[in-house]
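Next come the chains, spelled out residue by residue.
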Amino acid sequence: MLDKTYNPGEIEARWYDHWEGSGAFKCGQRPDAQPYTIVIPPPNVTGSLHVGHALNNTLQDILIRFERLRGKDALWQPGTDHAGIATQMVVERELAKENTSRRDLGREAFVKRVWQWKEESGGKITRQLRRLGSSCDWSRERFTMDEGLSAAVLKVFVDYYRAGLIYRDKRLVNWDPKLHTAISDLEVESREENGHLWYFRYPVEGEEGRHLVVATTRPETMLGDTAVAVHPEDERYKDLVGRHVILPLVGRRLPIVADEWADPEQGSGAVKITPAHDFNDFEVGKRHDLEMVNIFDREAVLNDNAPEAYRGLDRYEARKRVVADLEEQGLVEKIEPHVHMLPYGDRSGVVIEPWLTDQWYVDAETLAQEAIRAVEDGRTRFFPKNWEKTYYEWMRNIQPWCISRQLWWGHQIPAWYDEAGNVYVAESAEAAQAEAGAGVALRRDPDVLDTWFSSALWPFSTLGWPEETPELARFYPTSTLVTAFDIIFFWVARMMMSGLYFRGEVPFKNVYITSLVRDAQGKKMSKSLGNVIDPLDYIDKYGADALRFTLAAMESQGRDIKLAESRVEGYRNFGTKLWNAARFLEMNGCVGGTGDFDPATARLTVNRWIVSETAKAAGAVTAALEAFRFNDAADAIYHFTWGTFCDWYLELIKPVLTGDDEGDAEEARRTAAWAADQILALLHPFMPFITEELWHALAGARETDLILAHWPELSEELIDEGAADEIGWVIRMVSEIRTGRAEANVPAGAKIPAYLKGAGADTASRLATHGGMIERLARLESLTANEDAATDGTLQLVVDEATVILPLAGVIDLAEERARLNKAIDKTSKEIKVLSGRLKNPGYLEKAPEHIVAEARERLAAEQQTAEKLQAALERLG
């Protein structure tokens, strides 16, 4: 027997251990079936489960369980990312506690120490994914630095290099002056800060007393200026284009160039150009062949390219000195307060410096062309489709991809240099030596590859490439990728490029971009706001099934998720509702498995109705999941389970189950058990634990676990519109009477007579068949047709063409009830007036935070709906 209380914590760990131990997650067990593949976005090995992971992996697991139930050979390929900079920092912090550092250890010993940390502490995130219910094939778990993936990385680098697609160049990078490495744009965090805009006067050469005024937020970088730009159409400066200004404090002649980067509406319209320390200026510098003067070292300290007075100064100290010296020379026009965005390293917490340095690059523009065409011609599709626009925008404006990092943890670049500076790229030191010649001393490049370089190979390297494995042949290209919008460029686009180049096929057919999870008020989660939600807290409190269903139910394409704990609690209650329904079935003998039951043979209208509604629900859930409409799928199975099955069907069959006709009772038992089985299968992708538990509880011995059972594929011939109309009428009749009673404050225990007036032939026939059922469910003393029923002192309800008349005299005080309703209507009307006025006020709309305005609109809609209900209730009182 099922326990009286549903306890998620008791069943979840038990069933997960059973599934994993029995091999239920493993691919390859259906060799004749169609393959279905998802590769997990590999979480950082340093990571722990956050709410974004919970959403992303819930959706992946829903798809995998759905397709596994549909009979496919499903592979969810798991693994973790070595997370170069993040992992190195974790281990460096550990070393600092021991009063040592990576440089004290040396590279080889440090890397060994990181591997040791990975083995001891790197499995936290995968253990947490198991708690969520993720049915990955853990027997195939990969790591971006395991032996096989490392071989793939080496081959890709060498092949790209030999094809001219990898090269070394001096360009600007995001330089972290604390960690001493280039970092990707994704590792840069923009923060809004209050600063200043300094206006400096640069003397025009050969024209005494004339100056060109330039504005800057970074005075110290003026020491690296190599030009001033003005807009070609700016009449103020047309006579100066081609001439020079003299750079104060330095004395360098700076050409005045015409370039559209200069905005005549901003500042003075003249812009100082520092190609070595600003990404936009770098592009201007390339267009005009300007000198690039790098004035910082790797610590962001001024180097020997700066005038002697500033060498060795920190960039902020140099800023103060430059401003003071220019003021002394009378060359500061003005200083204005200025709010601007500053780039910070998300790991180091220091301001990032655009820095000119030698790095390795991938020719991303060449590789992007086929990746663009693959989306244009539909080989890969984005859901929602609007993300294709973002993909195209990035890909059509793609820059060379900087792939080198100045770290020790990661894939060391397979390039060796001789004493003359010649480079030898090869998959091994032996191959490089053979290329250089015996006896030539070689030194390996100390840099490692950007983490995204190895993860770009994930869809095929995890399947065994560069070996031509059976798994690669069967599961590539993969079916669906589920990921977040912020890595469309960093990961999705790069997987597209590498997959097409090395395999000749797109890496995935569909890309589903998840919503952003915000807090209950719609605010982005951040540690500073203190509103970060830990999904494990919700799992501990409400169970993984409740959290999973919440995330799926709120995952609507193109809309952010406002995650409130009350929603998770509500879906835990849904689990409880399902549990209690199963206990009812168990106690009434509606169990035993239904493999030999043909739902098409049901005779009773109520059974034909539930069979019909089950077929409709199965079709709706299937269609929604196929279209990645997770919220629609969850909504369909939720309302069918809670409303149609639990609230109505089980209530409607109670008299049948306890009646004298054993044939009818047996049909109801078998139909109820069959419908319950379909519900458990349809719910399983969303709520795998409770459905597996009930699947076994409601049958003596199943042939298989639910995870490996069959998805409901029900014929449209099971849909019975006649039964739907008939039972639909019963439900409408009971619902209207219940609502009317509640609105009129009729005591719940009061049994009153009811009369039906104006009933047609169909309604009269239905009344004769189902009158007793309606009386029981609506708490009526009787329900009879009566065309002469008086209407004074009654509650009148319209159901289809007929009117239900409930005499209330003596049951409630009608005058008092009318007064109560009028008072409530008045109060609601006043609230509507206040809210409407507020939302029509331009000042309020301009000043109030967006989420406050949204809440006001929601409150107004709710009050208007309440007013309509109250008015209708008043009108129904005769």
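Look up a bit, the structure's there.
Residues numbered from 1 in each chain as written. Predicted model: local features only at pLDDT ≥ 70, side-chain atom pairs only at ≥ 80, totals over all residues. Heavy atoms only, no water.

Student: Any details on the overall build of the protein chain? Residues and values, ideally.
Tutor: Of regular secondary structure, the protein chain possesses 28 helices and 29 strands. Projected onto its principal axes, the C-alpha coordinates of the protein chain cover approximately 110 × 70 × 55 Å. Counting over 878 residues, the protein chain shows a buried share of 54%. Within the protein chain, residue pairs in contact and separated by at least 24 positions form 78% of the contacts whose partners lie at least 6 positions apart. Placing the 102 positive and 139 negative side-chain charges of the protein chain at their respective mean positions leaves the two points 3 Å apart. (Helix = DSSP H or I, 4+ residues; strand = E, 2+ residues; numbered from the N terminus. Buried < 20%, exposed > 50% of the residue type's maximum accessible area, 1.4 Å probe, protein only. Contact = heavy atoms within 4.5 Å. Lys, Arg positive; Asp, Glu negative; His and termini not counted. Charge placed at Lys NZ, Arg CZ, Asp CG, Glu CD.)

Student: Tell me about the layout of surface pockets, and please be specific about residues and values.
Tutor: What the second largest pocket holds in volume is close to 1300 Å³. Lining the second largest pocket we find 44 residues, and of these T216, T217, R218, D278 and H340 sit closest to its centre. At eight residues, strand 7 (residues 188–203) tops the list of elements feeding residues into the lining of the second largest pocket. Among the residues forming the lining of the second largest pocket, the class breakdown is 16 nonpolar, 17 polar and eleven charged. (1 Å grid on protein atoms, 1.4 Å probe; cavity = no way out; pocket = protein on both sides within 12 Å on 5 of 7 lines; lining within 4 Å. Points joined across faces, edges and corners; volume = space filled by probe spheres on them. Nonpolar A, V, L, I, M, F, W, Y, C, P; charged D, E, K, R; others polar.)

Student: Hey, could you go over the pattern of salt bridges for me, with residue numbers and the actual values?
Tutor: Counted under the stated rule, the structure contains 60 salt bridges. Measuring nitrogen to oxygen at the nearest pair gives 2.9 Å for the salt bridge that ties R603 to D664. Linking R603 in the loop between helix 19 (565–587) and helix 20 (605–626) with D664 in helix 22 (residues 662–683), this pair joins segments that are 61 residues apart in sequence. (Salt bridge = Lys/Arg side-chain N within 4 Å of Asp/Glu carboxyl O.)

Student: Which residues make up the nonpolar core, and what are the values?
Tutor: The biggest cluster of nonpolar side chains holds 207 residues, and the ones touching the most others in it are F453, W609 and F686. Considering each element in turn, this core owes the most residues, 15 residues, to helix 21 (residues 630–657). For F453, the contacting residues outside a window of four places in its chain are V153, V156, F157, Y160, I166, V362, W401 and I403. (Core = buried A, V, L, I, M, F, W, Y, C linked by side-chain atoms within 4.5 Å.)

Student: How would you summarise the sheet that holds strand 20 (residues 443–444) if you had to cite specific residues and measurements?
Tutor: Sheet architecture is open: three strands sit in the order 19-18-20, paired in antiparallel fashion. Looking at strand neighbours, the two that pair on one side only are strand 19 (423–425) and strand 20, the edges of this open sheet. Sheet topology note: the strand 18 (residues 415–417)/strand 19 ladder contains three bridges and is antiparallel. Directly across from Y417, in strand 19, lies its bridge partner V423. Of the strands in this sheet, strand 18 and strand 19 touch helix 12 (residues 429–436), which is tilted by about 135° from strand 19. (Pairing = 2+ DSSP bridges. Axes fitted to C-alpha atoms, helices over the stretch in contact; angles between N-to-C directions.)

Student: Run through the packing of aromatic side chains, naming residues and quoting values.
Tutor: Using the criterion set out here, one finds 42 aromatic pairs in the structure. Here F157 and W360 contribute two aromatic rings whose centre-to-centre distance is 5.5 Å and whose plane-to-plane angle is 65°, an arrangement assigned as edge-to-face. Taken together, the residues F157 in helix 7 (residues 147–162) and W360 in strand 14 (residues 353–362) connect sequence positions 203 residues apart. In this pair, the class of F157 matches that of W360, namely buried. Here the aromatic rings of F460 and W465 are separated by 5.1 Å at their centres, their planes lie at 90°, and the arrangement is edge-to-face. (Phe/Tyr/Trp six-rings, centres within 6.5 Å; stacked < 30°, edge-to-face > 60°.)

Student: Account for the sheet that holds strand 6 (residues 181–183), with residues named and values stated.
Tutor: The antiparallel open sheet is built from four strands, whose spatial order is 6-5-14-16. Strands at the two margins of the open sheet, each flanked by one partner only, are strand 6 and strand 16 (401–402). Here strand 14 runs beside strand 16; their pairing, made up of two bridges, is antiparallel. For Y361, the partnering residue across the bridge sits in strand 16 and is C402. Running over the sheet, helix 8 (residues 279–288) touches strand 5 (166–176) and strand 14 and is turned about 145° from strand 5.

Student: Just give me the short version of the pairing of strand 7, but keep the residues and values in it.
Tutor: As defined by bridge partners, strand 7 adjoins strand 13 (residues 332–345) across 13 bridges and the pair is classed as antiparallel. Within strand 13, the residue paired with W198 across the bridge is I335.

Student: So what's going on with the packing of helix 11 (residues 387–396) against helix 16 (residues 488–503)? Which residues, and what values?
Tutor: Helix packing geometry: the angle between the two helix axes and the distance between the axes. Where helix 11 meets helix 16, the closest approach of the two axes is 11 Å, and the angle between their N-to-C directions is 80°. Relative to helix 16, helix 11 is oriented roughly perpendicular. Judged by residue contacts, W387, Y391, W394 and M395 of helix 11 engage I488, F489, A493, M496 and M497 from helix 16. Looking at the contact of helix 11 with helix 16, its residues break down into nine nonpolar, no polar and no charged. (Parallel < 35°, antiparallel > 145°, perpendicular 65-115°, else oblique.)

Student: Quick one: what's the story with helix 7, residue by residue and with numbers?
Tutor: With 16 residues, helix 7 extends 23 Å between its outermost C-alpha atoms, agreeing within 8% with the 22 Å of an ideal straight helix rising 1.5 Å per residue. Two or three places before G148, at the start of helix 7, stands the capping residue D146, its side-chain oxygen 3.3 Å from that residue's backbone nitrogen. Phi turns positive one or two residues past the end of helix 7, at G164, with a value near 80°. (Expected span 1.5 Å × (residues − 1). Polar contact = N/O pair within 3.5 Å; in protein donor to acceptor, adjacent residues only side chain to side chain.)

Student: Can you break down the packing of helix 24 (residues 721–743) against helix 25 (residues 761–778) residue by residue, with the values?
Tutor: The N-to-C vectors of helix 24 and helix 25 enclose an angle of 45°; their axes lie 10 Å apart at closest approach. By the angle between their axes, helix 24 is oblique relative to helix 25. Judged by the twist between their axes, the crossing of helix 24 over helix 25 is right-handed. Residue-level contacts link D725, E726, I727, W729, V730, M733, V734, I737, R738 and R741 of helix 24 to T763, R766, L767, T769, H770, I774, L777 and A778 of helix 25. Across the contact of helix 24 with helix 25, the residue classes tally to ten nonpolar, three polar and five charged. (Left-handed = near helix turned anticlockwise from the far one by under 90°.)

Student: Can you explain the pairing of strand 28 (residues 794–799)? Please cite residues and give values.
Tutor: Remember that side chains alternate between the two faces of the sheet whenever the strand is regular. Examined bridge by bridge, strand 28 and strand 29 (residues 802–807) share six bridges and lie antiparallel to one another. Note on strand 29: the bridge partner recorded for T794 is P807. From the end of strand 28 to the start of strand 29, which pair antiparallel, there are two residues, and D800 there has a positive phi angle of about 55°.

Student: Quick one: what's the story with the environment of A759, residue by residue and with numbers?
Tutor: Within the secondary structure layout, A759 lies in the loop between strand 26 (752–757) and helix 25. For A759 and A615, which are 144 residues apart along the polypeptide, the C-alpha to C-alpha distance reads 31 Å. When neighbours within four sequence positions are excluded, A759 is seen to be in contact with A764, E787, E801 and A802.

Student: Now, about unusual backbone geometry: what can you tell me, with residues and values included?
Tutor: Cis geometry is found at the peptide bond from F383 to P384, where omega equals -5°. In this structure, P384 sits in the loop between strand 15 (381–383) and helix 11. A cis geometry characterises the amide bond from Y476 onward to P477, with omega recorded as 0°. Structurally, P477 is set in the loop between helix 15 (470–475) and strand 22 (478–483). Phi at A300 is positive, roughly 65°, even though this residue is not glycine. Within the fold, A300 resides in the loop between helix 8 and helix 9 (315–328).

Student: Could you give me a rundown of the environment of A13, with the residues and numbers involved?
Tutor: Along the polypeptide, A13 turns up in helix 1 (residues 8–22). Classification of A13 as partly exposed rests on a relative accessible area of 48%. Spatially, the C-alpha atoms of A13 and T791 are 61 Å apart, while their sequence positions differ by 778 residues.

Student: Which residues make up helix 3 (residues 84–97), and what values do they have?
Tutor: Across its 14 residues, helix 3 extends 21 Å between first and last C-alpha, which sits within 8% of the 20 Å expected from 1.5 Å per residue. The set of residues buried in helix 3 consists of G84, I85, A86, T87, Q88, M89, V90, V91 and L95. Buried residues along helix 3 sit against helix 4 (102–105), helix 5 (107–121), strand 6 and helix 13 (451–455). Among the residues trailing helix 3, N99 stands out with phi positive, at a value near 60°.

Student: Run through the environment of L356, naming residues and quoting values.
Tutor: Its location among the elements puts L356 in strand 14. The class of L356 is buried, set by a relative accessible area of 8%. The residues touching L356, leaving out its near neighbours within four places in the chain, are K170, R171, L172, A276, F282, M292 and N294.

Student: Any chance you could break down empty space enclosed by the protein for me, citing the residues and the numbers?
Tutor: By the definition in use, this model includes five cavities of 30 Å³ or more. Here the largest cavity defines a volume of roughly 80 Å³. Taken together, 13 residues line the largest cavity, and the ones lying closest to its centre are I85, E187, R405, L407 and T451. Broken down by secondary-structure element, the contributors of at least two residues to the lining of the largest cavity are helix 3, strand 6 and strand 21 (448–449). Here the second largest cavity defines a volume of roughly 60 Å³. V156, Y160, V362, L367, W401, F453, A456, L457, R494, M497 and S498 together form the lining of the second largest cavity. Where the lining of the second largest cavity is concerned, the elements lending two or more residues are helix 7 and helix 16.

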